[in-house]
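The primary structure of each chain is shown beneath.
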Amino acid sequence: MASAVHHNCHRLHALLLRPLHAPSRHPRLSFLPCSARLAAPGCRLGTHAAVALAEPDLEEEEEGDDDDAQFVVVTFYKFVPFEDPHAEVASHLRFLQGRDIHGRIYLNEQGINAQYSGPRKDAVAYADWVKMDHRFCDMLVQTSPALTGHAFPRLKLRYKPALVQLEGGSLHLPLLDSSMRAKPLTPSKWKERLEARACLDLSSSETSVRKLLLLDVRNDYEWDVGHFEGAQRPNVDCFRSTSFGLSEDASDPLNGIDKEKTDILMYCTGGIRCDVYSTILRKKGFRNLYTLEGGVSNYLRVEGPAGWVGNLFVFDGRLSLPPATFRRSWPSGEEAAVEKERWVGCCYACRSKVVELRHRNCANIDCNRLFLCCRWCAKELAGCCCSDCKAAPRLRPLLPGHQRYLKWHVYRDGLSTPVATDSKDNPDCCC
């Protein structure tokens, strides 16, 4: 097992470091028994659980293949004042004219939020062009491989009142005031704080001891795919529903904490949701707010999966990425085997552990929940998230493999059975 995983890790490492001969090539899947348990309440090992190891086709590239043809996904955001954001949108559209870029790029008076895919040459050219503006010169740009081509169905570049999906928009929030946002911690500092937190959990419970709380500012299905050890599962399925610190609900991890003596460590995929939500918490009197710089994706790139359990959910066609996707260096031997067993998720329906991560929207149009599901439950429940939904009157057909539903009105209006499409155009298309 260990030697096989070690071999697969280095094969995937080679793929990420070398140009792809054909971006449309799909990985092969091989199945192994699953033996690791997910650190989640109530999670049990189902008899049909399986591990899927991606084995990319590593044929030798022909000499002269161009690295610029590799497809990548690029993400970045920055809070800067735009006096005329509509003119900025027009300028960005002009630059991208004739370039092969798909994705979601939103601008408004407070800055930009971008997630897009394309051949490396075009994708990097756009990020470099944005950074030519001195206001963006220090902006963190994150790049990851898109092994099967575009990770987004099309380009959506537009003005939007909220850079992330938030009820009522975000223009009323003091996002341009860095003192109102959480203090960013580098991945190494974040790791140190996680280790300090573990020590605090074992230390004195005296009131004089400073507390540390780990806050996952994402959605429940993202947590199911992967999370930092010790982080409570969010009870929301979209960012707009997040209400940490805003209610007296007993399930709220911020309810009743000492705002003066508690350090709150916030994290999300790429950082922007934490930056936005921290301004809301700051206005509610929470003083000691910290965020993971560049989000989980940057942490996995720099520190690897230390303290992280599972994969990382991403809001594009790839849906879920193993930590090794972001690594600078690679584990070997027994360490690699241990890490591979930690890359697990939990089926929403039966709670069995799965590493063959398949997200789907509930076939019940009136539910439409995005959830992680094993192949057995997908078939047994006809694509629904539960037996109640399976009995609902308005059901879409179960789509095979990784195909995704079209917009819900296609099925409401009784149009023909859909063809394959990309993942749900989720409103939380942020990082």
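Only a predicted model underlies this, so the values are computations on that prediction, with no experimental measurement involved. (Residues numbered from 1 in each chain as written. Predicted model: local features only at pLDDT ≥ 70, side-chain atom pairs only at ≥ 80, totals over all residues. Heavy atoms only, no water.)

Caption draft 1: A look at the overall build of the protein. Summing up its helical and strand segments, the protein has 11 helices and 19 strands in all. Going through the 431 residues of the protein one by one, you find that 53% of them count as buried. Long-range pairs, those at least 24 residues apart, make up 71% of the contacts in the protein with a sequence separation of at least 6. For the protein, the exposed area adds up to about 19500 Å²; of that, 51% sits on carbon and sulfur atoms. (Helix = DSSP H or I, 4+ residues; strand = E, 2+ residues; numbered from the N terminus. Buried < 20%, exposed > 50% of the residue type's maximum accessible area, 1.4 Å probe, protein only. Contact = heavy atoms within 4.5 Å. Areas by Shrake-Rupley, 256 points an atom, 1.4 Å probe, with all protein chains shown as cover.)

Caption draft 2: Highlighting the pattern of salt bridges. Applying the stated rule across the entire model yields 13 salt bridges. With its nearest N and O atoms 2.9 Å apart, the salt bridge here joins Asp316 to Arg318. Residue Asp316 is classed as buried on the basis of its relative accessible area, which comes to 5%. The class for Arg318 is buried, based on a relative accessible area of 18%. Through salt bridges with shared partners, a single network forms among Glu88, Asp133 and Arg135. (Salt bridge = Lys/Arg side-chain N within 4 Å of Asp/Glu carboxyl O.)

Caption draft 3: Layout of the sheet that holds strand E8 (residues 183-185). Reading across from one edge, E8-E12-E11-E9 is the order of the 4 strands in this open sheet, with parallel pairing throughout. Strands at the two margins of the open sheet, each flanked by one partner only, are E8 and strand E9 (211-216). If you compare each strand with its neighbour and ignore which way they point, the axes differ by 30 degrees on average. Pairing analysis gives 6 bridges linking E9 to strand E11 (residues 262-267), with the strands arranged parallel. Paired with Leu214 across the two strands is Leu265, which belongs to E11. (Pairing = 2+ DSSP bridges. Axes fitted to C-alpha atoms, helices over the stretch in contact; angles between N-to-C directions.)

Caption draft 4: Helix H3 (residues 120-131), seen in detail. In this model H3 runs 16 Å from its N-terminal to its C-terminal C-alpha over 12 residues, within 8% of the 16 Å that 1.5 Å per residue would give. Within H3, the full set of buried residues consists of Asp122, Ala123, Tyr126, Ala127 and Val130. Each buried residue of H3 sits inside an arc of 130 degrees when the element is viewed along its axis, so together they form one side. Packed against the buried residues of H3 are strand E3 (71-79), helix H2 (85-96), strand E4 (102-108), strand E5 (111-119) and strand E7 (155-159). (Expected span 1.5 Å × (residues − 1). Arc of directions from axis to C-beta.)

Caption draft 5: Representation of the side chain of Ser170. Relative to the assigned elements, Ser170 resides in the loop between E7 and E8. Ignoring any residue separated from it by four or fewer positions in sequence, one finds Ser170 in contact with Asn108, Gln110, Pro161, Ala162, Leu163 and Leu175.

Caption draft 6: Layout of the nonpolar core. Ranked by size, the top nonpolar core spans 26 residues in total, and within it Leu215, Leu254, Ile264, Met266, Val276, Tyr277 and Leu281 carry the most contacts. At the level of elements, E3, E9, E11 and helix H6 (272-283) are the ones that each hand at least two residues to this core. Tallying contributions element by element places H6 first for this core, with 6 residues. Taken together, domain 1 (71-163) and domain 2 (179-201 + 210-326) each give at least three residues to this core, which thus spans both. Listed in part, the 21 residues of the second largest apolar core include Ala114, Tyr126, Phe136 and Leu157. (Core = buried A, V, L, I, M, F, W, Y, C linked by side-chain atoms within 4.5 Å. Domains from an automatic or database assignment.)

Caption draft 7: Region of interest: the sheet that holds strand E6 (residues 142-145). Pairing is mixed across the open sheet formed by 5 strands, whose spatial order is E6-E3-E5-E4-E7. Every other strand in the sheet has two partners, leaving E6 and E7 as the edge strands with one partner each. Put simply, the sheet's adjacent strands are angled 10 degrees from each other on average, direction ignored. Bridge count between E3 and E5: 9 bridges; the pairing is antiparallel. Looking across to E5, one finds that Phe76 is bridged to Ala114. The strands touched by H6 within the sheet are E3 and E5, with E3 carrying the most contacts at an inclination of about 20 degrees.

Caption draft 8: Spatial organisation of the packing of H2 against H3. Contact geometry for H2 and H3: axes closest at 11 Å, N-to-C directions at 140 degrees. Between H2 and H3 the crossing geometry is right-handed. Every residue of H3 that contacts H2 at Ser91, His92, Phe95 and Leu96 is listed here: Ala125, Tyr126, Trp129 and Val130. Tallied by class, residues from the contact of H2 with H3 come to 6 nonpolar, 2 polar and no charged. (Left-handed = near helix turned anticlockwise from the far one by under 90°. Nonpolar A, V, L, I, M, F, W, Y, C, P; charged D, E, K, R; others polar.)

Caption draft 9: Quick peek at unusual backbone geometry. Positioned with a positive phi, Asn368 is a non-glycine residue whose angle comes to about 60 degrees. Locating Asn368 in the fold gives a position in the loop between strand E18 (359-361) and strand E19 (370-372). Not every positive phi belongs to a glycine, and Ala382 is a case in point at roughly 55 degrees. Along the polypeptide, Ala382 turns up in the loop between helix H9 (375-380) and helix H10 (387-390). Relative accessible area serves as the criterion here: at 30%, Ala382 is assigned to the partly exposed category.

Caption draft 10: The arrangement of the confidence of the model for the protein in detail. Confidence in the prediction for the protein averages 77 pLDDT; 71% of positions are at 70 or higher. Contacts from residues 1-64, a stretch scored under 50 in pLDDT, to residues over four places away or in other chains number 133 contacts. A low-confidence stretch, residues 415-429 (pLDDT under 50), is modelled with 46 contacts involving residues beyond four sequence positions or located in other chains. (pLDDT = per-residue confidence, 0-100.)

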